[in-house]
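# A closer look at the structure
Residue strings, one per chain:
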Amino acid sequence: MAREKQAFRTYHRTELGEIVLGDSLEVLSRREADSVDLIMTSPPFGLVRKKAYGNVHADEYCEWFQPFAGQFHRVLKDTGSLVIDIGGAWNEGLPTRHLYHFKLLIMLCEQYGFHLAQDFYWWNPSKLPTPAEWVTVRRIRVKDAINTVWWFSKTPWPKASNKRVLQPYSPSMKQLLANGYRAKRRPSGHDISEKFSQDNGAAIPPNLIAIPNTESNSYYIRYCQERGLPVHPARYPAELPEYFVRMLTDIGDMVIDPFAGSCVTGEVSERLKRRWQCIELSEDYLKGAMARFERGVYEKPFSNPEDESNYYRVPRPGILWNGDEVERLPEDGGKTRPVRVARKNKVQDQVSGVAVPPKMQQKPLPLDIAETQDN
Ligand SMILES: C[S@@+](CC[C@H](N)C(=O)[O-])C[C@H]1O[C@@H](n2cnc3c(N)ncnc32)[C@H](O)[C@@H]1O
């Protein structure tokens, strides 16, 4: 794909970092090799329809990404990491998934020499049940609430420590620590030693990260609204870059976001005293991003580990399984849309016979709107 050469310029500077307006490919191609500790980013996702900030079609995604991949590999230090938050896409008009983000993963490893240090899954518990057509209308898929977060490294040994991202012990682990644990072999065959019952103060997290993407009344949003600026439609929550900046870099290290949007990565890096560079094509998004820097950097509000609202309870599958399977599965896999009969305030779902609450009776979102919930 031919790419037009573009000028770029420093848009804003802080004590530790800078925002650059322009094409990150141009900016990175002028950067010294082996000079970056972490590239933390959420690129425009591959979509089956084009969206406001110029996403590429999922079918062309890998080709579009190739020159970025080359620059990312060149500018990273041997100890450095590349973390990419990327959501999947549905094939147009079908209840099947596009494979583009898996193809990207394979391309980065097999063609560009990156190592997959670990795959993470960002679960957004507040995600709407989308895509509505498959999830709430035909009821043949479950809601799509995960973004993959691929952590790549230039060598198999990027600098990292999980001690930076510990989480509170679960209630059952606390109980176990209080009551003691008898060392024994688990059904899985793992030998659990006495060390397992040692209280280290906090737990090692799994590679599932739960963060709701619900920001609706932040200073950033009010700032944009008051000035008639577009609120970036695909922001990630600050905790996501913060997790990786903490785990993979030290104070003073260099963090780059080549698809910076509203510069969440820059804000987090400034707060955590890392050097940083955010590169973004759209000046309108950068005008809004100034909200994150104009008042100086603020301390993050204190988060209380005892506050229950900081936790999610995930029901174990099976709690509602009572052997009742009166309804047969649709023989055609849901190809025929179920007929819905409206009754006063209620709609009866003719397939399941279940009353659909008024809120869910709305028309299904078009698939591309469903996809815009996060990116
Ligand atoms: C998914 S958004 C990033 C949002 C960001 N993580 C946030 O939380 O605000 C991707 C951004 O990449 C920008 N972009 C796309 N191509 C670019 C390029 N070649 N150079 C710089 N920015 C680019 C788009 O304008 C868009 O704002």
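### Structural notes on the confidence of the model for the protein chain
Chain-level statistics for the protein chain give a pLDDT mean of 87 and a share of 84% at 70 or above. Here residues 347-375 is modelled with pLDDT under 50, and outside its nearest four sequence neighbours on either side it reaches 59 contacts, counting other chains as well.

### Observations concerning the packing of helix 7 (residues 239-248) against helix 8 (residues 264-271)
Running from amino to carboxyl end, helix 7 crosses helix 8 at an angle of 45°, the nearest separation of the two axes being 9 Å. The orientation of helix 7 with respect to helix 8, classified from their angle, is oblique. For the crossing formed where helix 7 meets helix 8, the hand is right-handed. Of the residues in helix 8, those touching helix 7 at Pro241, Glu242 and Val245 are Val264, Thr265, Val268 and Ser269. When grouped by side-chain class, the residues that make up the contact of helix 7 with helix 8 number 4 nonpolar, 2 polar and 1 charged.

### Points about the site of the ligand
What surrounds the ligand is a group of 22 residues, the closest being Ser24, Arg235, Phe259, Gly261 and Ser262. Elements represented by at least two residues in the shell around the ligand include exactly helix 1 (24-29) and strand 11 (275-280).

### Concerning the sheet that holds strand 9 (residues 208-210)
With mixed pairing, 9 strands are arranged side by side in an open sheet as 1-2-11-10-3-4-6-5-9. A strand with exactly one partner marks an edge of an open sheet, and here the two such strands are strand 1 (9-13) and strand 9. Here the strands of the sheet are splayed against their neighbours by 20° on average, with no regard to which way each runs. Relative to strand 6 (residues 146-153), strand 5 (residues 115-123) runs antiparallel, the two sharing 8 bridges. Bridge pairing links Leu116 to Phe152 in strand 6. Strands strand 3 (36-41), strand 4 (76-86), strand 5, strand 9 and strand 10 (254-257) of the sheet are contacted by helix 7, whose axis makes an angle of about 165° with strand 3.

### A look at the environment of Thr148
With respect to the helices and strands, Thr148 occurs in strand 6. Overall, Thr148 belongs to the partly exposed group, with 17 C-beta atoms counted inside 10 Å. Beyond its immediate chain neighbours, meaning those up to four positions away, Thr148 contacts Ile86, His101, Asp119 and Tyr121.

### Thoughts on the pairing of strand 6
Among the 8 residues in strand 6, 6 count as buried, and that is most of the element. As defined by bridge partners, strand 4 adjoins strand 6 across 6 bridges and the pair is classed as antiparallel. By the bridge assignment, Ile84 is partnered in strand 6 with Trp150.

### Here's the deal with unusual backbone geometry
Following Thr130, the chain continues into Pro131 via a peptide bond in cis, with omega recorded as -5°. The backbone phi angle of Arg139 is positive, close to 60°, even though this residue is not glycine. Here Arg139 shows up in the loop between helix 4 (132-137) and strand 6. One non-glycine residue, Cys263, lies in the positive phi region at around 65°. Structurally, the position occupied by Cys263 is in the loop between strand 10 and helix 8. Classification of Cys263 by C-beta neighbours within 10 Å gives buried; the count is 30.

The rules we used
Residues numbered from 1 in each chain as written. Predicted model: local features only at pLDDT ≥ 70, side-chain atom pairs only at ≥ 80, totals over all residues. pLDDT = per-residue confidence, 0-100. Contact = placed C-beta atoms within 7 Å. Axes fitted to C-alpha atoms, helices over the stretch in contact; angles between N-to-C directions. Helix = DSSP H or I, 4+ residues; strand = E, 2+ residues; numbered from the N terminus. Parallel < 35°, antiparallel > 145°, perpendicular 65-115°, else oblique. Left-handed = near helix turned anticlockwise from the far one by under 90°. Nonpolar A, V, L, I, M, F, W, Y, C, P; charged D, E, K, R; others polar. Near = placed C-beta within 6 Å. Pairing = 2+ DSSP bridges. Buried ≥ 20, exposed ≤ 12 C-beta atoms within 10 Å, placed from the backbone.

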